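Reading the structure
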Amino acid sequence: MLIENPQNQLKKRVETKKQLLKNIPRWLQHAKLRLSSRIIVVVVIIQTLVLIAIIWNNIRLINSSHKDLLQQSVAAETKLLSNSLAPGLAVNDRATLEDVLSMLTDKHNLAYIFVFNAKGEIMASLEQSNHHMPEKNNDLAINKNIYDVVGDINLAGQNLGHLRIGYSLHSVNKIAAETRNQSTAIGAMGLLLSIIVTIILSLFITRNLRKLEEGANALKRGELNYRIAINASDEIGEVANAIDQLAEHLSIAQHELNQKHAALQRETRYLQTLLNGIDAVIMEVKLPGYQFSYVSQEAENLLGYKISQWLKPNFWQNHIYQDDRAWLDKSIEDNTSEPGSFTLDFRMVHQLGHLLWIRAINSVEMDKNGNPIIRGLLLDIMEQKTAEERIIYLAEHDSLTGLINRRRFQEELERSIAYAQRYDQQGALLFIDLDQFKYINDTYGHQYGDEYLLDVSRRLARVLRKTDILGRLGGDEFGIIIPSATDEETETIANALLGALSQETIEHENKLIHISASIGVAFFPTQGTIANDLLAKADAAMYTAKNKGRSQYRTFSENEDELWNMQAKIHWEERIRWALENDRFLLHFQPVADLNKQIISHYEVLLRMRGKEEELITPTAFIDTAERFGLIRNIDRWVLRNAIKEQAKRRDNGEQVTLAINISGRHFGSSEIMLLVKESMENFKADPHNIIFEMTETAAVENLSQAREFIHSLKSLGCRFALDDFGIGFSSFHYLRNLPLDFVKIDGSFVRNLHTEPDDRIFVKAMVDLASGLGITCIAEFVENKEIANVLRELGVELGQGYYIAKPKADTIPAGLDHVI
């Protein structure tokens, strides 16, 4: 439309000019007729005037005399000179009088001038050569060569003196002679003048026609700014105005067209700059064959081929990865039968030979013949695909050791069980738990604990066969699947694993640390065909081995292992009940800091049990038992009531403290716990806006609908919500948008090695971008050194929590941070 509109407008204007041009021949015909008549009239008038001039001149010569002419001329000149000399004579200023006379030096017919004062004294004089004042003083003295004149000099009616002037008669005599010859010449001159005047008048009258011709030629040369300089209201003037109007309209139309053309060029350059500046190839494709008819400059960067090569026939077919060819052709055929859009991800071969993932965003249109034309973008998504593959890998593997994680391990176990059942063979599951790992972790720190786990995973892998499957189940627990193994083979492998761990030591800060583990074994399918049940039995056998003295393995036995583990669980049940009855639980508070502002955002409430020996017991030791025996509800009630009470207490003291309280997923859908929260806030007068509830990601995803309803209920009170251990189940990322969260806490397994592991950075960055896009704030756990804090800031994590920032403390809330972060 940007080009068509000016063209249409210009066409209309040209039609208007054509109508104007049709009138020009008629106007020119009328102009010719009138011009001819005017020339005839003018010639007649000129001839008549010439004759009148001749007659008048003869009469003048006859009736006039030279004396009259001379007297008239001299009288006027004398009077003028007297007036000029009067001021100087009045003051007897000879210099002024001489100056006035000096101005007459060049007057050739002047013979002499004498100026006399009233006393008759000569005040000034001017005499030409060969001429002298006559002795006689006549008022009019005429002789053969001199005409003498005397005139008074008056000023304001007073006579100041007189003036005497002598004129040479040589020129007068000459004029008299010439006059006699004049009459004879006038007749001839009249005829000649008539001819000349006629020619001049013809040229004068036709000057406008010549201007019209010049204007027409200028238009023919394309000089649209040329204007015909004719100021007339006759037909020629109308023609000139019409031609000027035509030139003006054409000039305006041409100017507008040039402007629009320039605008189009600017827009084209601008769009071309934009197209060349984006990391995408703009393309147009014709079918069949996906033949490129246009690609933008970025195409050369995409595959390394020049644009001219892209436009050659069969470029697409020759550079598509052959494994993608068949399904691509089918997809293109299915999506181009009618206008619409579709997107395809496929691989193309780069000029250097490597494969490149490409995303084609296609928009289908139909040409006038009904054939499809595809326009759209080609994007390089190699990094995205690599990241996706990496994310999938991280979703199925432990980020620290690189081993498959618990979810993937269970899938492999299910496949192995099914395979063993199908082919009637026996496989073995080994559950490995490291001895004293908690002591190592607490004593030497998480960083060394990670190094310890890495060393253990390498030692275990060296013992196993290629067909065996090793995975990290969590914390210090490992699992091994032996797809096909007899009892004897399993025993050999278990002893080899124990030997590989115990035969060597790890040195740390000049201390030798011995590695040992307890192994539980369960056979499939004889002892179970369900993965979870089989893991539970192997876990029970492992606890039996640990309780029997550690650094050994045990095979699951219904009688011995179940009894032993039930006794252990009952023991912990009794301790939990005793702690509840005797108020042996207490709260610790760990700051969550703003990594950029270096201030405390809020505090996480942590639970501790005080044992009979006053030792502090963390929830990891008893929380599983509490959940198994239904005591978790009583613990949660105690935590909720006391945490809300603490927040209210701080509020009464004028402190605006926000607390984050962990809550079990078992309470989803429970009206009892909601009632407890409301009653506690009302009774203690706590501020719900300063209360954050936390739940684990696993609990939220497993009970998504109930979790969403539960969160909405708490947020309606004014509370906020956080998702804990975020990132462990990466496949649950798509559930995140369905939960009305304020915070997500990135699991510590992705944070503790963030400063040394690029893979963890990729994973954390993905989580931050996802949460940020949903308006959710990220909190990083396990911030244990300054390097980790710096990386978190770079990745856009706002809040952090860990021993480097501040350790948990009992009873009172810490006043500040332990380090400058």
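Check the entry above for the structure.
Residues numbered from 1 in each chain as written. Predicted model: local features only at pLDDT ≥ 70, side-chain atom pairs only at ≥ 80, totals over all residues. Heavy atoms only, no water.

**As for the overall build of the chain**
Put simply, the rule is: A run of DSSP states H or I qualifies as a helix once it reaches four residues; a run of E qualifies as a strand once it reaches two. Both are numbered from the N-terminal end. In this scheme, a residue with accessible area under 20% of its type's maximum is buried, one over 50% is exposed, and one in between is partly exposed, where area comes from a 1.4 Å probe on protein chains only. Residue contacts are counted whenever heavy atoms from the two residues lie within 4.5 Å of one another. The Shrake-Rupley method, run with a 1.4 Å probe, gives the accessible areas here. Residue values count only the displayed protein chains as cover.
Summing up its helical and strand segments, the chain has 24 helices and 27 strands in all. Looking at the chain as a whole, 43% of its 821 residues qualify as buried. A sequence separation of at least 24 residues applies to 62% of the contacts in the chain between residues at least 6 apart. Accessible surface computed for the chain: about 44200 Å², of which carbon and sulfur atoms make up 52%.

**Some remarks on the packing of helix 20 (residues 671–684) against helix 22 (residues 704–716)**
Test applied: Each axis is a line fitted through C-alpha atoms, and for a helix only the stretch in contact is used; angles between axes span 0 to 180 degrees, taken between their N-to-C directions. Just so you know how the angles are binned, under 35 degrees is roughly parallel, over 145 roughly antiparallel, 65 to 115 roughly perpendicular, and the rest oblique. Crossing chirality is assigned from the near helix's rotation relative to the far helix, an anticlockwise turn below a right angle marking it left-handed and a clockwise turn marking it right-handed.
Interhelical geometry of helix 20 versus helix 22 gives an angle of 15 degrees and a closest axis separation of 11 Å. Classified by the angle their axes make, helix 20 and helix 22 are roughly parallel. Crossing angle aside, the handedness with which helix 20 passes helix 22 is right-handed. Of helix 22, the residues touching helix 20 (which contributes Ile673, Met674 and Val677) are Phe710, Ser713 and Leu714.

**What about the packing of aromatic side chains?**
Selection rule: For Phe, Tyr and Trp, rings pair up if their centres lie within 6.5 Å, where Trp contributes its six-membered ring, and each pair is then called stacked (planes under 30 degrees apart), edge-to-face (over 60) or tilted (otherwise).
Tallied over the full model, the rule gives 15 aromatic pairs. For the pair Tyr305 and Phe315, a centre-to-centre distance of 5.5 Å together with 85 degrees between the ring planes defines the contact as edge-to-face. With Tyr305 in the loop between helix 7 (298–303) and helix 8 (307–310) and Phe315 in helix 9 (residues 315–319), this residue pair connects regions lying 10 residues apart in the sequence. Just as Tyr305 is buried, Phe315 falls in that class too.

**What about the environment of His571?**
The residue His571 is located in helix 17 (residues 558–581) in this model. The exposure class of His571 is partly exposed, given its relative accessible area of 41%. Note: C-alpha distance between His571 and Thr625 (54 residues apart in sequence) is 9.5 Å.

**A look at the sheet that holds strand 17 (residues 553–555)**
Definition in use: For two strands to count as paired, DSSP must find a minimum of two bridges between them.
Spatial strand order, 12-13-11-16-17: five strands in an open sheet with mixed pairing. Strands with a single pairing partner mark the edges of an open sheet, and in this sheet they are strand 12 (469–474) and strand 17. Between one strand axis and the next, the sheet turns through 20 degrees on average, direction left out of account. Two strands pair when backbone bridges link them, and strand 12 and strand 13 (residues 477–482) are joined in this way by five bridges, in the antiparallel orientation. Across the sheet, residue Arg472 finds its bridge partner in strand 13, namely Phe478.

**Observations regarding the pairing of strand 5 (residues 158–168)**
On a regular strand, one side chain projects to one face of the sheet and the next to the other, so that they alternate. Among the 11 residues in strand 5, eight count as buried, and that is most of the element. In this structure, strand 1 (residues 110–117) lies alongside strand 5, joined through seven bridges in antiparallel fashion. Its bridge partner being in strand 5, Leu110 is matched across the sheet by Tyr167. Pairing of strand 4 (residues 146–155) with strand 5, which is carried by 10 bridges, proceeds in the antiparallel orientation. The partner of Asn154 across the bridge, within strand 5, is Asn159.

**Side note on a nonpolar patch on the surface**
So the rule is basically this: Within this analysis, patches are made of residues with over 30% relative accessible area and no salt bridge. Like charges are joined at 9 Å or less; nonpolar side chains (Val, Leu, Ile, Met, Phe, Trp, Tyr) at 5 Å or less. The salt bridge criterion pairs a side-chain nitrogen of Lys or Arg with a carboxyl oxygen of Asp or Glu, the two atoms within 4 Å.
On the surface, a nonpolar cluster with roughly 260 Å² of combined accessible area is contributed by Leu192, Ile196 and Ile200. On the secondary structure map, Leu192 appears in helix 4 (residues 170–205). Take Leu192: its relative accessible area is 47%, and that puts it in the partly exposed class.

**Side note on helix 5 (residues 207–220)**
Spelled out, the test is: One fewer than the residue count of a helix, multiplied by 1.5 Å, yields its expected span. Along the arc lie the directions from the helix axis toward the C-beta atoms.
The end-to-end C-alpha distance of helix 5, which contains 14 residues, comes to 20 Å, matching closely the 20 Å that a straight helix rising 1.5 Å per residue would cover. Listed as buried for helix 5 are Asn208, Leu212, Gly215 and Ala218. Buried residues of helix 5 fall within an arc of 125 degrees about the axis and therefore sit on the same side. Facing away from the buried side of helix 5, by more than 90 degrees, are the exposed residues Glu213 and Lys220. Positive backbone phi, approximately 85 degrees, marks Gly222, located one or two places after helix 5.

**Describing helix 23 (residues 758–773)**
Taking 1.5 Å per residue, 16 residues should reach 22 Å; helix 23 reaches 23 Å between its end C-alpha atoms and fits that length. Among all positions in helix 23, only Asp760, Phe763, Val764, Met767, Val768 and Ala771 are buried. Looking straight down helix 23, one finds its buried side chains confined to an arc of 135 degrees; they lie on one side. Every exposed residue of helix 23 that faces more than 90 degrees away from the buried side is listed here: Pro758, Ser772 and Gly773. Tucked into the core, helix 23 has its buried residues touching helix 11 (382–396), strand 23 (720–726), strand 24 (743–746), strand 25 (777–780) and helix 24 (786–795). The first or second residue beyond helix 23 is Gly775, which carries a positive phi of 75 degrees.

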